[in-house]
Amino acid sequence: MFGQGLLKGLAITWKELFTRKVTVQYPEEKVPLPERYHGRFELDVDKCIACGLCANACPNKVIQITKEKVGKKQYLTKYVMRIEYCLFCGLCVESCNKDALKFSHVINMNQYYRDKVRLVLVDRPAPEALPEEEPAEAAAEHPAGARAKTAKAEVAAGKAPGEEG
C-alpha cells in the first residue's frame, strides 16, 4: 500500500530513460515546422490594395491601416500590427482576398523593449500622382496595341457587336 506509488514512479522513470529524446538544443538545432505554422507576419506590398478586410476581421483590432487616395486608387501608406495583443488566430490572413498577408516561419520574435514589439510592415509616403496612361504618340507607334486596348474597352462596355463581353 505505501510502496506502490514509489514503484510506479520508478517504473515510469526507467521507461523514459531509454526512450528517444524529444528536446533539442534550440539555437543550434531547429525543429522542422509544419507548413501551416503561424509565425511572423509578412505583407506583400505590391499585392495589397488597402481594402481593410484584415483589420475588420481581427477580433482584437490589432491592425492599423493608413491609406491615401491618389487618383482613383487607394494607396497603402502605413500598416502596423500591435503584436503584443495578437492572438495569431489567422483570421486576417484568411480574409485577405489578394493573398498579400501571410504567415512566415520566423519564430524568433522576442524583443527587449515594449515599443519595439509593434510590427511595422509598411511605412511610406503616398506618391504625388500615379503614372498616367500611354500618351497618344506612344499608341501611334504601336497601332496593334492601341487597337487591342480599344477593342477590350468596347467589349467591356458592351458596344462591340458580335463580341462577348
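Residue numbers here run from 1 along each chain, matching the order of that chain's written sequence. Where local features are concerned, this predicted model is filtered to residues with pLDDT of at least 70; where side-chain atom pairs are given and counted, the filter is 80 or more; whole-chain, interface and lining totals use all residues. Note that the side-chain values use all heavy atoms of the structure and ignore hydrogens as well as water.

An unreviewed UniProt entry lists the protein chain under the name NADH-quinone oxidoreductase subunit I, with Desulfofundulus luciae given as the organism.

**Quick word on the packing of aromatic side chains**
Stacked, tilted and edge-to-face are the three classes assigned to paired rings of Phe, Tyr and Trp, where Trp is represented by its six-membered ring and a pair needs centres within 6.5 Å; plane angles under 30 degrees give stacked, over 60 edge-to-face, the rest tilted. For the structure shown, the criterion picks out three aromatic pairs. Seen in terms of ring centroids, Trp14 and Phe18 are 6.2 Å apart; in terms of plane orientation they differ by 25°. Their pairing is stacked. Put simply, the rings of Phe41, Phe88 and Phe103 pair up and form one aromatic cluster.

**Quick word on the pairing of strand β2 (residues 63-70)**
Here eight bridges tie β2 to strand β3 (residues 73-81), and the two strands are oriented antiparallel to one another. The residue of β3 that forms the bridge with Gln64 is Val80. For two strands to be treated as a pair, DSSP must find at least two bridges joining them. Counting from the N terminus, the helices are the DSSP runs of H or I reaching at least four residues and the strands are the DSSP runs of E reaching at least two. Counting the residues between successive antiparallel strands, the hairpin from β2 to β3 contains two residues, one of them, Gly71, with a positive phi of roughly 70°.

**Topic: the state of the cysteines**
Two cysteine sulfurs form what is called a disulfide whenever their separation falls within 2.5 Å. Considering all chains together, one arrives at zero disulfides under this definition. Cys58 takes part in no disulfide bond, and the closest cysteine sulfur to it belongs to Cys89, at a distance of 6.2 Å.

**Some details on the environment of Pro127**
Here Pro127 is to be found in the loop between β5 (119-123) and α4 (136-141). Any residue under 20% of the maximum accessible area for its type is buried, any over 50% is exposed, and the rest in between are partly exposed; the area is computed with a 1.4 Å probe on protein chains only. Pro127 sits in the partly exposed class, given a relative accessible area of 26%.

**Some details on a nonpolar patch on the surface**
On the surface, Leu6, Leu7, Leu10, Trp14, Leu17 and Phe18 cluster together into a nonpolar patch covering about 720 Å² of accessible area. Inspection of the secondary structure assignment puts Leu17 in helix α1 (residues 4-17). Given the relative accessible area of 48%, Leu17 is considered partly exposed. Patch membership requires over 30% relative accessible area and the absence of a salt bridge. Like charges are linked within 9 Å, and nonpolar side chains (Val, Leu, Ile, Met, Phe, Trp, Tyr) within 5 Å. Note on areas: Shrake-Rupley, 1.4 Å probe, and residue coverage restricted to the protein chains presented here. The working definition used for a salt bridge is a side-chain nitrogen of Lys or Arg within 4 Å of a carboxyl oxygen of Asp or Glu.

**Some words on unusual backbone geometry**
Backbone geometry at Ala50 places phi at a positive 60°, although glycine is not the residue there. Within the secondary structure, Ala50 sits in the loop between β1 (41-43) and α2 (53-57). Note on Ala50: relative accessible area 0%, which makes it buried. Even without being glycine, Lys61 reaches a positive phi, approximately 55°. Among the secondary structure elements, Lys61 is positioned in the loop between α2 and β2.

**Some thoughts on the sheet that holds β2**
Pairing in this open sheet of three strands is antiparallel, and the strands run β2-β3-β5 from one edge to the other. Looking at the sheet topology across the chains shown, the edges are occupied by β2 and β5. With strand direction ignored, the average angle separating the axes of adjacent strands in the sheet is 20°. Here four bridges tie β3 to β5, and the two strands are oriented antiparallel to one another. Working convention: axes come from line fits to C-alpha atoms, limited for helices to the stretch in contact. Angles between N-to-C directions cover 0 to 180 degrees.

**Focus on empty space enclosed by the protein**
As defined here, a cavity is a set of points on a 1 Å grid over the protein atoms alone where a 1.4 Å probe fits but cannot get out. A pocket is an open set with protein on both sides within 12 Å along at least five of seven lines, and residues line them when an atom is within 4 Å of a point. Grid points are joined across faces, edges and corners, and a volume is the space filled by probe spheres set on the points. For the structure on display, the rule yields two cavities of 30 Å³ or more. The space that makes up the largest cavity amounts to roughly 110 Å³. Surrounding the largest cavity, 15 residues form its lining, Cys48, Cys51, Cys54, Cys96 and Ala100 being those nearest its centre. When residues are grouped by polarity, Ala, Val, Leu, Ile, Met, Phe, Trp, Tyr, Cys and Pro land in nonpolar, Asp, Glu, Lys and Arg in charged, and all others, Gly among them, in polar. Classifying every residue of the lining of the largest cavity by side-chain character gives 12 nonpolar, two polar and one charged. Put simply, the second largest cavity is a space of about 70 Å³. Counted by class, the lining of the second largest cavity contains 12 nonpolar, two polar and no charged residues.

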